[in-house]
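# Fold and contact review
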Amino acid sequence: MRRLRSVKIVATLGPASSTYEMIRALHEAGADVFRLNMSHGSHEEIAERHAIIRKVEKDLDSTIGILADLQGPKLRVGVFANGEEELVEGAAFRLDLAEEEGSLERVTLPHPEIFAALEEGAHLLVNDGKIRLKVERCGADFADCTVITGGTISNRKGVNVPDVVLPLAALSEKDRDDLQFVCKLGVDWVALSFVQRAKDVWEARDLIDGRAAVLSKIEKPAAVKDFNEILDASDGIMVARGDLGVELPVQNVPPIQKRLVRRCRAAAKPVIVATQMLESMIESPMPTRAEVSDVATAIYEGSDAIMLSAESAAGDYPVEAVTTMNNVAIEVENDPTYTEIIEASRTAKRQTVADGIVAAAREIAETTDIKAICCFTSSGTTAYLTARERPRVPIIAMTSSVTTARQLALTWGTECVLTGELERFKQAVVNAARAARAGGYADEGDQILVTAGVPFNTPGTTNILRVAPCDERLIYNTDPE
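In what follows, the accompanying structure is described. Everything quoted here is computed from the prediction, not taken from an experiment.

Let us now look at the packing of helix α1 (residues 20-29) against helix α2 (residues 43-60). The interhelical angle for the contact between α1 and α2, taken along N-to-C directions, is 55°, at an axis separation of 10 Å. Here α1 is positioned oblique relative to α2, judged by the angle of their axes. In the packing of α1 onto α2, the handedness of the crossing is right-handed. Of α2, the residues touching α1 (which contributes Tyr20, Ile23, Arg24, His27 and Glu28) are Arg49, Ile52, Ile53, Lys55, Val56, Asp59 and Leu60. A breakdown of the residues in the contact of α1 with α2 according to their chemical character gives six nonpolar, one polar and five charged.

Structure below.
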């Protein structure tokens with residue numbers, strides 16, 4: 001299913017989008033990847049949605065990626081005797097490990113690892129940052145705090161600790177169970193929550209053992225600080241702006257988003273910008289102008305994908321939300337300013353033969369009448385490198401791996417075509433020409449660029465660049481065996 005845009009759209013599935021008819025409608029409206037949120041839904045419900053996605057994929061003959069998003073550790077206070085209390089600015093408030101119900105003076109925080117990491121002067125955020133506490137004194141089982149920002153605190157509200165790296169693994173026991181389940185199910189990407197350092201990613205990679213690509217969610221200040229190492233350990237990144245905006249001053253988030261997107265692009269790894277992109281469309285068929293501008297900004301920055309969360313999972317207008325994103329993307333990418341920004345932000349990186357091949361392909365495509373770049377790839381690396389160049393022409397990734405094709409559904413400007421394993425370069429060129437014609441990218445009288453590696457089916461061997469006609473007779477007459 002050919003898109004008229006390069007940025008990809010990720011749609012989260014949930015109660016509002018769990019039927020065959022709705023999931024198909026979302027894909028037809030523009031969703032390229034579906035997110036399964038492991039924080040909500042039983043394994044049975046997740047498996048059912050996974051099966052429906054694969055049926056839609058088969059029925060429409062259209063490659064669809066599936067992203068399983070792990071919940072991560074959840075830090076919450078205990079319960080209150082009155083259900084809730086009103087904390088006043090300047091008041092004293094204690095967090096401790098005592099099992100008694102909470103009061104206006106204290107409440108249980110059943111996480112000794114938090115107390116082990118706390119220092120005087122650190123801040124604790126409760127209920128998505130609506131309540132802010134400053135630690136005055138702390139020990140192994142308590143933290144005496146001053147209320148900096150007051151408000152209503154109630155049972156089991158979440159707690160964020162932005163100032164310290166917590167001695168917590170990114171994977172809880174639930175996450176480990178969910179991880180094994182989704183890997184056996186056959187998802188394409190696994191998103192890791194609560195990543196604080198590269199070690200968290202490597203631990204998850206060991207458990208995943210190559211069964212899915214690993215995407216790290218950047219939602220904590222520690223992850224921003226350790227981002228380069230986390231990026232090296234990951235196959236992709238999600239900029240989770242909602243949680244970042246809780247733990248950091250909100251004005252810090254936009255420049256962080258811009259920096260992270262650029263670093264991901266330079267590393268040729270896909271990056272998703274996520275959270276509250278069209279929040280008002282949970283209840284309204286129309287977005288606000290500010291939300292449309294926010295989506296457009298992520299596209300102008302060169303993000304590989306933009307994501308819907310509650311808008312498509314639990315909102316009243318899931319198809320309309322996807323359609324809005326799709327329309328905004330088309331409009332932005334047709335703006336000459338978009339091309340100027342993307343090209344101005346291109347980072348020259350010429351370290352390998354493959355780097356040189358894809359850079360040359362982009363330059364040739366932009367200076368001659370080339371209709372598409374067809375890259376043969378087994379692992380997806382060549383397609384990622386080609387997408388990093390952000391060429392003005394479509395990228396057709398030719399692969400014999402269904403897994404690779406589905407993972408590339410997250411990558412900017414890339415359309416995947418499954419092909420059998422090849423032994424001769426001439427047949428590769430013929431297959432590329434057929435794919436370009438069948439997809440409506442080129443006619444028989446047009447030319448395409450073909451990149452490949454010889455020997456075939458060996459990752460990391462991209463070493464050929466060919467300007468090829470789409471007329472098969474010319475290919476057979478001119479190309480070497």
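Enumeration according to the criterion identifies two cavities of 30 Å³ or more in this entry. Around the largest cavity, the lining residues are Val261, Arg262, Arg265, Ala266, Glu301, Ser345, Arg346, Thr347 and Arg388. Per-element accounting of the lining of the largest cavity gives the leading share, four residues, to helix α9 (residues 253-266). In this model, the second largest cavity occupies a volume close to 50 Å³. Of all the elements, helix α15 (residues 381-388) adds the most residues to the lining of the second largest cavity, at three residues. Here the lining of the second largest cavity is built from residues that sort into four nonpolar, one polar and five charged.

This part takes up the environment of Glu89. When you line up the elements, Glu89 lands in the loop between β4 (84-87) and β5 (92-96). Relative accessible area serves as the criterion here: at 62%, Glu89 is assigned to the exposed category. Distance from Glu89 to Thr146, taken between C-alpha atoms, is 7.8 Å for residues 57 residues apart in sequence. Excluding anything up to four places from it in sequence, Glu89 contacts Val147, Ile148 and Gly150.

Packing of helix α4 (residues 173-185) against helix α5 (residues 198-208) brings their axes to within 10 Å, and their N-to-C directions diverge by 45°. Here α4 lies oblique to α5, going by the angle between them. Handedness of the α4/α5 crossing: right-handed. Contact residues: α4 offers Arg176, Leu179, Gln180 and Cys183, while α5 offers Ala204, Leu207 and Ile208. Residues belonging to the contact of α4 with α5 are distributed by class as follows: five nonpolar, one polar and one charged.

The rules we used
- Residues numbered from 1 in each chain as written.
- Predicted model: local features only at pLDDT ≥ 70, side-chain atom pairs only at ≥ 80, totals over all residues.
- Heavy atoms only, no water.
- Axes fitted to C-alpha atoms, helices over the stretch in contact; angles between N-to-C directions.
- Helix = DSSP H or I, 4+ residues; strand = E, 2+ residues; numbered from the N terminus.
- Parallel < 35°, antiparallel > 145°, perpendicular 65-115°, else oblique.
- Left-handed = near helix turned anticlockwise from the far one by under 90°.
- Contact = heavy atoms within 4.5 Å.
- Nonpolar A, V, L, I, M, F, W, Y, C, P; charged D, E, K, R; others polar.
- 1 Å grid on protein atoms, 1.4 Å probe; cavity = no way out; pocket = protein on both sides within 12 Å on 5 of 7 lines; lining within 4 Å.
- Points joined across faces, edges and corners; volume = space filled by probe spheres on them.
- Buried < 20%, exposed > 50% of the residue type's maximum accessible area, 1.4 Å probe, protein only.

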